[in-house]
Amino acid sequence: MPGSDSLAGVRVLVVEDELLVAMLIEETLVDHGCKVIGPFNTLGTALSAARDAQADVALLDVNLRGERVYPVAELLEGRRIPFLLLSGYGHEAVPAEHPLWVSCSKPFLPAELLRAMSALLARKPPESKQAALS
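It should be emphasised that the depicted structure is a prediction, and the values quoted were computed from it without experimental measurement.

A. Seen up close, the pattern of salt bridges. With the rule as written, the count across this model stands at three salt bridges. The partner of Lys-106 in a salt bridge is Asp-61, with the nearest N and O atoms 3.1 Å apart. Taken together, the residues Lys-106 in the loop between β7 (102–105) and α4 (110–122) and Asp-61 in strand β3 (residues 57–61) connect sequence positions 45 residues apart. In the salt-bridge network here, residues are joined through shared partners; they are Glu-16, Asp-61 and Lys-106.

Right, here's the structure in full:
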């Protein structure tokens, strides 16, 4: 995939409760040189990881065993770590109070996920990039 070299070394927090989807995401990321943190499959473990992980970006399944991932997204937003919501509901999964959150529809092709993640990283504010490198 053109431009995927830019993902080498990117630390990606993965929150996904479906084993096969988590495996596909992890394989795709590793194949493109990313460092995978996780995957985490419950809201509790995801919240812990979001508090402590040194991630550059996160991929968040919206529905974790019946619980919404939004507290994790809010925590990451507070830490200035960009994230991508993954959902079968597409952009409808984005809560009305957070219209700028970005989503990627399931099912997705690996190339679509990588493009969405690359676009998210490209728009990350410069001061956040610097903080992530520290």
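After that view, the rundown keeps rolling.
B. Structural context of the nonpolar core. Of all hydrophobic cores here, the largest spans 24 residues; its most connected members are Leu-13, Leu-60, Val-72, Leu-76, Phe-83 and Leu-85. Mapped onto this core, the elements with two or more residues apiece are β1 (11–15), α2 (43–52), β3, α3 (70–78) and β6 (83–87). Per-element tally for this core: the top contributor is α2, with five residues.

C. Inspection of the sheet that holds β7 at higher detail. With respect to topology, five strands assemble into an open sheet ordered β2-β1-β3-β6-β7, the strand pairing being parallel. A strand with exactly one partner marks an edge of an open sheet, and here the two such strands are β2 (35–40) and β7. Neighbour to neighbour, the strand axes of the sheet diverge by 20° on average, direction disregarded. Direction of pairing for β1 relative to β2: parallel, over a ladder of four bridges.

D. Representation of the packing of aromatic side chains within the structure. Scanning the model with the defined rule gives two aromatic pairs in all. Pairing Tyr-70 with Trp-101 gives two aromatic rings, centres 6.1 Å apart and planes at 45°, and the pair type is tilted. Within this pair, whereas Tyr-70 is found in helix α3, its partner Trp-101 is found in the loop between β6 and β7, the two being separated by 31 residues in sequence. Ring plane angle 85° and centroid distance 5.1 Å describe the contact between Phe-83 and Trp-101, whose orientation is recorded as edge-to-face.

E. Highlighting the pairing of β3. Most of β3 sits inside the fold, with five of its five residues counted as buried. Burial of the side chains of β3 extends over both faces: Val-57, Leu-59 and Asp-61 are buried on one face and Ala-58 and Leu-60 on the other. Two elements, β1 and β3, share four bridges in a ladder whose sense is parallel. Bridge pairing in β3 links Val-15 to Leu-60. Bridge count between β3 and β6: four bridges; the pairing is parallel. Within the sheet, the bridge partner assigned to Leu-59 lies in β6 and is Leu-84.

Criteria and cut-off values
Residues numbered from 1 in each chain as written. Predicted model: local features only at pLDDT ≥ 70, side-chain atom pairs only at ≥ 80, totals over all residues. Heavy atoms only, no water. Salt bridge = Lys/Arg side-chain N within 4 Å of Asp/Glu carboxyl O. Helix = DSSP H or I, 4+ residues; strand = E, 2+ residues; numbered from the N terminus. Core = buried A, V, L, I, M, F, W, Y, C linked by side-chain atoms within 4.5 Å. Buried < 20%, exposed > 50% of the residue type's maximum accessible area, 1.4 Å probe, protein only. Pairing = 2+ DSSP bridges. Axes fitted to C-alpha atoms, helices over the stretch in contact; angles between N-to-C directions. Phe/Tyr/Trp six-rings, centres within 6.5 Å; stacked < 30°, edge-to-face > 60°.

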